[in-house]
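Given next are the chains, with one letter for each unit.
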Amino acid sequence: MAFESLTDRLQVAMSKLKKKGTVKEEDVKDMMREIRLALLEADVNLQVVRGFVKSVGERAVGVEILESLNPTQQIVKVVDEELTKVLGSEAVGLNKSPKIPTIVMMVGLQGAGKTTFTGKISNFLKQNEKARPLLIAADVYRPAAVDQLKVIGQQLDIPVFEMGTDVDPVEIVRQGLEQAKENKNDYVFIDTAGRLHIDETLMDELKRIKDFAQPNDILLTVDAMTGQDAVTVAQSFDEQLDVTGVVLTKLDGDTRGGAALSIRAITGKPIKFIGTGEKLTDIEVFHPDRMSSRILG
Ligand code: GDP
């Protein structure tokens, strides 16, 4: 899908403006229309678009058109600042435990990229902090999931704790955490089950794991390519589990990042990392200002 960039749209709207004077209310209306359309095209949630357009509109009226500065650039700057604010302003890292191990519970729907991300983040910490993570395979519904995590662990030379698929996941987590204590692992990542759809059984199991493990971080993995659906998924998981952060995967695809804006605005939970490819090194810390530039295009 080809997007017309928000910056291009603003350029057109602004070209009607005179070179001097101030931005008038009717000019702002035109610009707001362009911003609204561009954001909706980027699959941003309608409620979020409305709130955003309102706050930009309030700031845009009265912006002085300086002779030295291109008026479009001035408005783009306002939009950029507001987008960055909605996206969370600052990069947010993992919530760390004061004493080891820091426990991170990974949740998400099947196919979102949760298991891949578990590998990516543990490798990221190993490379950047010389961390010694342990991965716990707690998805007992898909035998392939346990194998997938084991393969990833082997590739990265990171240990994986598993007990097959016939044991209750809470018991797997209990024994996994014991092993982490014995081996003095500084991070533990619990890879939980994903389903194709959110259902009660899945949520109940995740709640049991959460209650037992008392994780420092509950990271929800969502697929950026699913746009508005990603927002619904994030909302449901957050309501049930009170997640502490979001991981947005598949941002290497042809997506403008509208999902990022909506998820952050609607759940209020920080996006902490992004996945930018299938390789285990394709992980980045989420930077609101960079995502804003991407949305602006
Ligand atoms: P899970 O079911 O949530 O554990 O999902 P997986 O980790 O098995 O990932 C599902 C598919 O998405 C796999 O084919 C991954 O290679 C792919 N994938 C995961 N993260 C990314 C990403 O950031 N970009 C791309 N392009 N593919 C990804």
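Residues numbered from 1 in each chain as written. Predicted model: local features only at pLDDT ≥ 70, side-chain atom pairs only at ≥ 80, totals over all residues. Heavy atoms only, no water.

- Labelled according to an unreviewed UniProt entry, the protein appears under the name Signal recognition particle protein, originating from Vagococcus teuberi.
- Its UniProt record, at the heading Catalytic activity (unreviewed entry), says of the protein: "GTP + H2O = GDP + phosphate + H(+)".
- Database annotation for the protein, UniProt heading Subunit (unreviewed entry): "Part of the signal recognition particle protein translocation system, which is composed of SRP and FtsY." (UniProt positions renumbered as here; feature names shortened; annotations may be inferred.)

**So, the nonpolar core**
Working step 1: Ranked by size, the top nonpolar core spans 68 residues in total, and within it I35, V79 and F237 carry the most contacts.
Working step 2: Every residue in contact with F237, bar those within four places of it in the chain, is listed here: V107, G108, L109, I198, L202, M203, L206, L220, D242 and V243.
Working step 3: L94, V146, I152 and V247 belong to the second-largest nonpolar core, a separate cluster that totals 21 residues. (Core = buried A, V, L, I, M, F, W, Y, C linked by side-chain atoms within 4.5 Å. Buried < 20%, exposed > 50% of the residue type's maximum accessible area, 1.4 Å probe, protein only. Contact = heavy atoms within 4.5 Å.)

**Quick notes on the UniProt feature "domain: SRP54-type proteins GTP-binding" (unreviewed entry) in the protein**
Working step 1: UniProt annotation of "domain: SRP54-type proteins GTP-binding" (unreviewed entry) refers to residues 270–283 when read in the numbering used here.
Working step 2: From the first C-alpha to the last, residues 270–283 spans 16 Å; its make-up is 0% helix and 43% strand. (Helix = DSSP H or I, 4+ residues; strand = E, 2+ residues; numbered from the N terminus.)

**Some remarks on the pattern of salt bridges**
Working step 1: Per the stated rule, a full pass over the model turns up 19 salt bridges.
Working step 2: In this structure, the salt-bridge partner of K54 is E58, at a minimum N-O distance of 3.5 Å. You can see K54 and its partner E58 sitting in helix α3 (residues 46–60), four residues apart, about one turn around the helix. Comparing K54 with E58, the two get one shared label, exposed.
Working step 3: R59 serves as the salt-bridge partner of E81, at 2.6 Å between the closest nitrogen and oxygen. Here R59 lies in helix α3 and E81 lies in helix α4 (residues 71–86), a separation of 22 residues in the sequence.
Working step 4: You can call E81 partly exposed: its relative accessible area is 32%.
Working step 5: Owing to a relative accessible area of 35%, R59 belongs among the partly exposed residues under this scheme.
Working step 6: Within the structure, one salt-bridge network assembled from shared partners comprises R59, K77, E81, E82 and K85. (Salt bridge = Lys/Arg side-chain N within 4 Å of Asp/Glu carboxyl O.)

**As for helix α8 (residues 200–213)**
In an α-helix, one turn spans 3.6 residues, which is why side chains three or four residues apart end up on the same side.
Working step 1: In this model α8 runs 20 Å from its N-terminal to its C-terminal C-alpha over 14 residues, within 8% of the 20 Å that 1.5 Å per residue would give.
Working step 2: Those residues of α8 that fall on the buried side of the exposure criterion are L202, M203, E205, L206, I209 and A213. Down the axis of α8, the smallest arc covering the buried residues is 160°, so these residues share one side. More than 90 degrees from the buried face of α8, the exposed residues found are E200 and D211.
Working step 3: Structurally, α8 contributes buried residues whose contacts are with β1 (102–108), β2 (133–138), α7 (169–182), β4 (187–192) and α9 (228–241).
Working step 4: The opening residue of α8 is D199, an N-cap whose side-chain oxygen sits 3.2 Å from the backbone nitrogen of T201. (Expected span 1.5 Å × (residues − 1). Arc of directions from axis to C-beta. Polar contact = N/O pair within 3.5 Å; in protein donor to acceptor, adjacent residues only side chain to side chain.)

**Points about the packing of aromatic side chains**
Working step 1: Counted under the stated rule, the structure contains three aromatic pairs.
Working step 2: For the pair F124 and F273, a centre-to-centre distance of 6.0 Å together with 75° between the ring planes defines the contact as edge-to-face. A residue pair is termed long-range when its members are at least 10 positions apart, and F124 in helix α5 (residues 114–129) and F273 in strand β7 (residues 271–275) qualify at 149 residues.
Working step 3: In textbook terms, an aromatic cluster arises when at least three aromatic residues are bridged by ring pairs, as seen for F117, F124 and F273.
Working step 4: Sitting over the ring of Y141, R195 keeps its end group 4.5 Å from the ring centre. (Phe/Tyr/Trp six-rings, centres within 6.5 Å; stacked < 30°, edge-to-face > 60°. Lys NZ or Arg CZ within 6 Å of the ring centre and 35° of its normal.)

**Description of the side chain of E205**
Working step 1: Its location among the elements puts E205 in helix α8.
Working step 2: Buried charge without a salt bridge: E205, with R195 as the nearest opposite-charge side chain at an N-O distance of 4.7 Å.
Working step 3: Setting aside chain neighbours within four positions, we find E205 in contact with A138, Y141, P169 and A193. (Lys, Arg positive; Asp, Glu negative; His and termini not counted.)

**Observations concerning the sheet that holds strand β6 (residues 245–249)**
Working step 1: Spatially, eight strands are ordered β3-β2-β4-β1-β5-β6-β7-β8 in an open sheet, and the strand pairing comes out mixed. Two strands bound the open sheet, and with one partner strand each, they are β3 (160–161) and β8 (283–285).
Working step 2: On top of the sheet, α5 reaches β1, β2, β4, β5 (217–223), β6, β7 and β8; it is set at about 170° to β4, its chief contact.
Working step 3: The sheet strands contacting α9 are β1 and β5, and the helix crosses β5 at an angle near 160°. (Pairing = 2+ DSSP bridges. Axes fitted to C-alpha atoms, helices over the stretch in contact; angles between N-to-C directions.)

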